[in-house]
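# Residue-level structure breakdown
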Amino acid sequence: MEKISIIGVDANNLSQYPDVVCFINPKHPSFPHKTEWLKQRFSEGLQIKLLFVEGQKKAAGLIEYVPGQFAWRAVSAEGYLFIHCIFLYPNNNKGKGYGSLLVESCLEDARESNALGLAVITSKGSFMAESRLFLKNGFELLEEDGAGNQLLVRPLKEGPLPHLNDWKARQADFQGLHILYSRQCPWVARLIDEIREEGLEDKLKMQIKELTVPSEAQQAPSSYAVFNLLHNGRLLADRYVSVTRLKNILEKEKLL
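A quick note: this is a predicted structure, and the numbers were derived from the prediction, not measured.

Helix and strand counts for the protein chain come out as 7 helices and 13 strands. Relative to its length of 256 residues, the protein chain is compact, with a C-alpha radius of gyration of 18 Å against a globular reference of 18 Å. Projected onto its principal axes, the C-alpha positions of the protein chain cover 55 × 45 × 35 Å. With 256 residues in all, the protein chain has 52% of them scored as buried. Partitioning the intrachain contacts of the protein chain with sequence separation of at least 6 by distance along the chain shows that 62% fall at a separation of at least 24. Of the roughly 12,300 Å² that the protein chain leaves accessible, carbon and sulfur atoms contribute 48%. Of the side chains in the protein chain, 31 bear a positive and 31 a negative charge, and the two mean positions are spaced by 5 Å.

Structure (structure tokens):
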């Protein structure tokens, strides 16, 4: 039987666990973007837990969650714990119940903190977990946003339910070419560095704004919130893309 351990990472032991910055080499210049962001967020109750399997050098799984009022998604979820991210890696660690163990660990914290329950946004798209893990762990579908994303909840007690904010209504505010982003996703922060290194920000008169507090993310023009590529009030991408993919999108829009 494999020995499994789940370790909570906080400001005191952050430097010991580079796996909290998913798949980015600790020597890469963009690595500190996430660690510095985490240091700012721990005081808001953010938690990251890593799942280790005996015999494997790196963490097999990760879950990141926060009190709902500090969620970095376009959601209102006060009173709940809100899951930002959960992943297992590599693929041979999937299908073994590790994801359920991470969800149960989060549930234990929700019960101890007297939270109303857990909430999460899922998607079949990149950089987000699919709904099936949560549905088999007692979550219920609350809302779909029309863009392939779903808000799920695991209620623990009676209370107001979380809901998606009206992110579509925000898009008209962004005329011209814009990127809104947050370092909650380290790959997004890395992309912003690469855009600036290639001079695309100035060349395209691109307006780049970092979302620096949760309330800004909750009012973002996409439900994923931490990456928004917009042109004249239209959302072109709402997940991390490579610089090559970004250029392809902009060429298709005749912006590059």
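Now that the structure has been shown, the text picks up again.
The next thing to look at is the pairing of strand E8 (residues 149–155). For E8, the tally of buried residues reaches 6 of 7 residues, placing the bulk of the element in the interior. Here 7 bridges tie strand E6 (residues 117–123) to E8, and the two strands are oriented antiparallel to one another. Paired with isoleucine 121 across the two strands is leucine 151, which belongs to E8. In this sheet, E8 lies alongside strand E7 (residues 140–144) in antiparallel orientation, the contact comprising 4 bridges.

The next thing to look at is the sheet that holds strand E12 (residues 227–231). The 4 strands are arranged E11-E10-E12-E13 in an open sheet whose pairing can be described as mixed. Here the strands that pair on one side only, and so sit at the sheet edges, are strand E11 (207–210) and strand E13 (234–237). Mean inter-strand twist for the sheet, computed between neighbouring axes without regard to direction, equals 25°. For strand E10 (residues 177–181) and E11, the ladder comprises 4 bridges, and the chain directions are parallel. The residue of E11 that forms the bridge with tyrosine 181 is glutamate 210. The strands that helix H4 (residues 186–197) touches are E10, E11 and E12; relative to E10, the one it contacts most, it runs at about 145°.

What counts and what doesn't
- Residue numbering note: each chain is counted from 1, following its sequence as written.
- Per-residue local features are limited, in this predicted model, to residues with pLDDT of at least 70; the limit for side-chain atom pairs, both in listing and counting, is 80 or more; totals at the level of whole chains, interfaces and linings are taken over all residues.
- Side-chain numbers here rest on the full set of heavy atoms in the structure, without hydrogens or water.
- By the criteria applied, helices consist of DSSP H or I runs no shorter than four residues and strands consist of E runs no shorter than two, each listed in order from the N terminus.
- When we talk radius of gyration, it's over C-alpha atoms, and the globule rule is simply 2.2 Å times the number of residues to the 0.38.
- A 1.4 Å probe rolled over the protein chains alone gives each residue an accessible area, and that area as a share of the maximum for its type sets the label: buried under 20%, exposed over 50%, partly exposed in between.
- Whether two residues touch is decided by their heavy atoms; if any such pair falls within 4.5 Å, the residues are in contact.
- Here the accessible surface of atoms and residues is derived via Shrake-Rupley with a 1.4 Å probe, and residues count as covered only by protein chains that are part of the display.
- Only four residue types enter the charge count, namely Lys and Arg as positive and Asp and Glu as negative; His and the chain termini do not.
- Where a charge lies is defined by one atom per residue type, namely NZ (Lys), CZ (Arg), CG (Asp) and CD (Glu).
- Two strands qualify as a pair provided DSSP detects at least 2 bridges between them.
- Axes, fitted as lines to C-alpha atoms, cover a helix only where it is in contact. Angles between the N-to-C directions of the axes lie from 0 to 180 degrees.

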